[in-house]
Amino acid sequence: MIIDNLDKSKLPNHIAIIMDGNGRWAAKKGLSRTLGHNSGVESVQEIVEEVLNLNIPYLTLYAFSSDNWNRPPHEIGTLMDLLVESLKTELKKLIKNNIRLNTIGDISALPKLVQNEVKRAIDITKNNNKMVLTIALSYGAREELENVIKEIASEVKNNTISLENIDQSIINKHLYTRNLPDVDLLIRTSGEQRISNFLLWQIAYAELYFTDVLWPDFRKKDLYSALLNYQNRERRFGKTSEQINV
Ligand code: IPE
Ligand code: IPE
Ligand code: MG
């Protein structure tokens, strides 16, 4: 078993996943894209459970990008329905497992029904502290950075801060991820090797892991493979290998 080879003391603190390939998974099986998304939800359930079992405190999932609004209205509707349904059925599990739900992205762009369900789940789980599960919804990293720049510029204009005081910690405080640590491991499924406007600032030193497995097929064992691969890397943060291994 791969899990036996994992070093439990060297796990990432924050995993982010670009859950891609639902459509291709369905097409391969001659099914509708909707069924692909439905199966993708089962992978989400299994991965959340496993990340929790491994005591990894932060998991961030890319569920709907700002550019996904350009998909056919029918597919957008399906994804929104699935989101509402999942939030309703999974809430009990979030409570039971001490998971705090968090979102990043332009939540105000979502249909009111989705917004209400998201807000309710966030509120009910706000004091949970075993794991923070962040769902990226209507999220785009460039849009996020655009907002950060606007907010900071307006603070400079109002003399709340001075230009000289703008630094990385101020920028961090304006990001959607202000309460999250940097990403350690970024996983993308489905064979695509791109970031698709996800967490550009936050992945500066993340280890990137790409797998051909389509999201609905991505299960426990695939997560272990990603973690094992992560553990065999040396994170140097600009230093030399000798400096890291003193
Ligand atoms: C990921 O699967 C889910 C979302 C982007 C919402 P896709 O729907 O992108 O699946 P492919 O890439 O078409 O296979
Ligand atoms: C990225 O997947 C967004 C999510 C997984 C939610 P896409 O399928 O939208 O990305 P592209 O279009 O292939 O870059
Ligand atoms: Mg895709």
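In this text, all values refer to a predicted model and were calculated from it rather than measured experimentally.

About the thresholds
- Residues numbered from 1 in each chain as written.
- Chains lettered and ligands numbered in written order.
- Predicted model: local features only at pLDDT ≥ 70, side-chain atom pairs only at ≥ 80, totals over all residues.
- Heavy atoms only, no water.
- Near = heavy atom within 4 Å.
- Polar contact = N/O pair within 3.5 Å; in protein donor to acceptor, adjacent residues only side chain to side chain.
- Areas by Shrake-Rupley, 256 points an atom, 1.4 Å probe, with all protein chains shown as cover.
- 1 Å grid on protein atoms, 1.4 Å probe; cavity = no way out; pocket = protein on both sides within 12 Å on 5 of 7 lines; lining within 4 Å.
- Sits in = over half its atoms within 2 Å of the grid points.
- Helix = DSSP H or I, 4+ residues; strand = E, 2+ residues; numbered from the N terminus.
- Nonpolar A, V, L, I, M, F, W, Y, C, P; charged D, E, K, R; others polar.
- Expected span 1.5 Å × (residues − 1).
- Buried < 20%, exposed > 50% of the residue type's maximum accessible area, 1.4 Å probe, protein only.
- Arc of directions from axis to C-beta.
- Contact = heavy atoms within 4.5 Å.
- Axes fitted to C-alpha atoms, helices over the stretch in contact; angles between N-to-C directions.
- Parallel < 35°, antiparallel > 145°, perpendicular 65-115°, else oblique.
- Left-handed = near helix turned anticlockwise from the far one by under 90°.
- Points joined across faces, edges and corners; volume = space filled by probe spheres on them.
- Pairing = 2+ DSSP bridges.

K.L.:
Is there a simple way to explain the site of ligand 2 in this structure?
P.N.:
Contacts to ligand 2 come from I18, M19, D20, Y62, A63, F64, N68, R71, R188, R194 and S196. Between an oxygen atom of ligand 2 and a side-chain N or O atom of N68, the distance comes to 2.9 Å. Taking R188, its side chain carries an N or O atom lying 3.3 Å from an oxygen atom of ligand 2. Considered on its own, ligand 2 offers 390 Å² of accessible surface; in the complex 78% of this is hidden by protein. Among the cavities detected, the one that contains ligand 2 is the largest pocket. Take the shell around ligand 2: its biggest share by element is three residues, from strand β2 (residues 58–65). For the shell around ligand 2, the residue count by class is five nonpolar, two polar and four charged.

K.L.:
Just checking my understanding: could you explain helix α6 (residues 141–157) for this structure?
P.N.:
Side chains three or four residues apart in an α-helix point the same way, a direct result of the helix having 3.6 residues per turn. Taking 1.5 Å of rise per residue, the 17 residues of α6 would be expected to cover 24 Å, and the 24 Å separating its terminal C-alpha atoms lies within 8% of that figure. Listed as buried for α6 are A141, E144, V148 and I152. End-on view of α6: buried residues confined to an arc of 60°, all on one side of the axis. For α6, the exposed residues set more than 90 degrees away from the buried face come down to R142, I149, K150 and K157. Residues of α6 that are buried make contact with β4 (131–139) and α7 (168–174). N159 occupies a position one or two residues after α6 and carries a positive phi of about 60°.

K.L.:
I'm lost on the packing of helix α3 (residues 33–53) against helix α4 (residues 73–96) in this one. Help?
P.N.:
Each pair of packed helices can be described by the angle between their axes along with the distance between the axes. It is the contact of α3 with α4, at a shortest axis distance of 10 Å, that shows an interaxial angle of 25°. With respect to their mutual orientation, α3 and α4 come out roughly parallel. The handedness of the crossing between α3 and α4 is right-handed. Across the interface between the two elements, R33, T34, H37, N38, V41 and Q45 from α3 touch H74, E75, T78, L79, L82, S86, E90 and K93 from α4. Looking at the contact of α3 with α4 residue by residue, the class counts come to three nonpolar, seven polar and four charged.

K.L.:
Can you help me understand the packing of α4 against helix α5 (residues 112–124) in this one?
P.N.:
Contact geometry of α4 with α5 gives a least axis separation of 9 Å together with a crossing angle of 15°. As the angle between them shows, α4 and α5 are arranged roughly parallel. Remark: the crossing between α4 and α5 carries left-handed chirality. Where α4 abuts α5, its residues M80, L83, V84, L87, K88, L91 and I95 lie against L113, V114, E117, V118, R120, A121 and I124. Here the contact of α4 with α5 is built from residues that sort into eleven nonpolar, no polar and three charged.

K.L.:
Just to check I follow, could you spell out the layout of surface pockets for this structure?
P.N.:
To locate leftover empty space, one rolls a probe as large as a water molecule over the atoms. Reported here for the largest pocket is a volume of approximately 1,000 Å³. Lining the largest pocket are 46 residues, with M19, V44, Y62, A63 and F64 sitting closest to its centre. Looking at the lining of the largest pocket, the elements that each hand over two or more residues are α2 (22–28), α3, β2, α4, β3 (99–104) and β4. At ten residues, α4 tops the list of elements feeding residues into the lining of the largest pocket. In terms of residue class, the lining of the largest pocket is built from 23 nonpolar, 13 polar and ten charged. For the second largest pocket, the calculated volume is near 160 Å³. Along its surface, the second largest pocket is lined by Q168, N172, D182, V183, D184, W201, Q202, A204, Y205, A206, R235 and F237. Classifying every residue of the lining of the second largest pocket gives six nonpolar, three polar and three charged.

K.L.:
Would you explain the pairing of strand β1 (residues 14–18) in this entry?
P.N.:
Most of β1 is tucked away, with five of its five residues classed as buried. Burial along β1 is two-sided: H14, A16 and I18 facing one way and I15 and I17 facing the other are all buried. Taken together, the five bridges between β1 and β2 define a ladder with parallel strand orientation. Following the sheet pairing, A16 is matched in β2 by T60. Across four bridges, β1 lies against strand β5 (residues 185–188) in parallel orientation. Bridging across to β5, A16 finds its partner in L186.

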